[in-house]
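# Working through the structure, step by step
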Amino acid sequence: EAGVAQSPRYKIIEKRQSVAFWCNPISGHATLYWYQQILGQGPKLLIQFQNNGVVDDSQLPKDRFSAERLKGVDSTLKIQPAKLEDSAVYLCASSPNRNSNNEQFFGPGTRLTVL
Amino acid sequence: QQPVQSPQAVILREGEDAVINCSSSKALYSVHWYRQKHGEAPVFLMILLKGGEQKGHEKISASFNEKKQQSSLYLTASQLSYSGTYFCGTEINNDMRFGAGTRLTVKP
């Protein structure tokens, strides 16, 4: 079974530029998560989708971050414009559904460096 | 609200035991445990649900005290492969929040 795919793996941009990350979850997984993990910290949930609907985006900085999952499969996270403090690893995870007994499967992440 | 993990770091010799704790200020529905090795994605270890149900790897054990809103992960007879950062994730109203992590180093 293929795992969660993310691209790109690394991205270096200058502040005020825009960037987009892509995630393809495990086939059949209805729930998709985007996390931001700053070096030395735990993953911070940015947004959670159930199929193509947003379940939780309370921690998403909506003035600069946006995400979509139009067809309920793959998803894109965008930052526009980027700030220095956005430097982090962006992790995508998926699970079969929102049930509490479902583990999350994480992708390899995209490491973003903002200069 | 982010759960609090303790200790922040621990160093063990192979074969020694360790306990990692996770506590929340709010009532929990479930606690998830993940291990992350440097430069890699977090990997699932265990889920503990309110009511006593557990799901996870056979070699991993954990407890969940619903009244105290705490969970502990027990690592026994540690191996070199146990090294990594352990995160607990607490679920409140379907929202997952992860702790800052406990860095475990197992030395030969």
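Shown above is the structure to which this text applies.
Throughout what follows, the structure given in this document is the object of discussion. (Residues numbered from 1 in each chain as written. Chains lettered and ligands numbered in written order. Predicted model: local features only at pLDDT ≥ 70, side-chain atom pairs only at ≥ 80, totals over all residues. Heavy atoms only, no water.)

### Thoughts on the state of the cysteines
Residue and element names in this part refer to chain A. The following threshold applies: Here, two cysteine sulfur atoms that lie within 2.5 Å of each other are counted as a disulfide. Working definition: helices are DSSP H or I runs of at least four residues, strands are E runs of at least two. Numbering for both runs from the N terminus.
Tallying each qualifying case throughout the model produces 2 disulfides over all chains. Residue Cys 23 pairs covalently with Cys 92 via a disulfide, S to S 1.9 Å. Where Cys 23 bonds to Cys 92 through sulfur, the torsion about that S-S bond is close to -65 degrees, and the disulfide is left-handed. With Cys 23 in strand β3 (residues 19–24) and Cys 92 in strand β9 (residues 88–95), this residue pair connects regions lying 69 residues apart in the sequence.

### Quick word on the sheet that holds strand β8 (residues 75–79) of chain A
Residues and elements named next belong to chain A. Using the following cut-off: Two strands are said to pair when DSSP picks up at least two bridges between them. Geometry is summarised by axes, namely lines fitted to C-alpha atoms with helices restricted to the contacting stretch, and by angles between N-to-C directions that run from 0 to 180 degrees.
Strand order in this open sheet of 4 strands is β1-β3-β8-β7, and the pairing throughout is antiparallel. Each having just a single partner strand, β1 (5–7) and β7 (65–68) make up the two edges of the open sheet. Taking each pair of neighbouring strands and ignoring which way they run, the sheet shows an average axis angle of 15 degrees. Where β1 lies against β3, 3 bridges are found, and the strand directions are antiparallel. Note on β3: the bridge partner recorded for Gln 6 is Cys 23.

### Remarks on the pattern of salt bridges
Convention followed: Each reported salt bridge corresponds to a side-chain nitrogen of Lys or Arg within 4 Å of a carboxyl oxygen of Asp or Glu.
Evaluation of the coordinates by the stated rule reveals 4 salt bridges over all chains. Across the salt bridge formed by Arg64(A) and Asp86(A), the nearest N and O atoms sit 2.5 Å from each other. On the criterion of sequence distance, the pair formed by Arg64(A) in the loop between β6 (53–56) and β7 and Asp86(A) in the loop between β8 and β9 is long-range, its members being 22 residues apart. Of the charged contacts, one joins Lys55(B) and Glu103(A) as a salt bridge, the two residues approaching to 3.6 Å between their closest N and O atoms. Of the two residues, Lys55(B) sits in strand β6 (residues 54–56) while Glu103(A) sits in the loop between β9 and β10 (105–106), which places them in two different chains.

### Brief notes about the environment of Ile26(A)
Residue and element names in this part refer to chain A. Stated formally: Throughout, exposure labels follow a simple rule: accessible area from a 1.4 Å probe, protein chains only, divided by the maximum for the residue type, with under 20% read as buried, over 50% as exposed, and the rest as partly exposed.
With respect to the helices, strands and loops of the structure, Ile 26 is situated in the loop between β3 and β4 (31–37). For Ile 26, a relative accessible area of 4% translates into the label buried. Between the C-alpha atom of Ile 26 and that of Ala 5, which follows or precedes it by 21 residues, the distance is 8.0 Å.

### Some points on the pairing of β6(A)
Residue and element names in this part refer to chain A. For strand β5 (residues 44–50) and β6, the ladder comprises 3 bridges, and the chain directions are antiparallel. What sits directly across from Gln 50, in β6, is Gly 53. Counted between consecutive antiparallel strands, the loop separating β5 from β6 contains 2 residues, among which Asn 51 sits at a positive phi close to 55 degrees.

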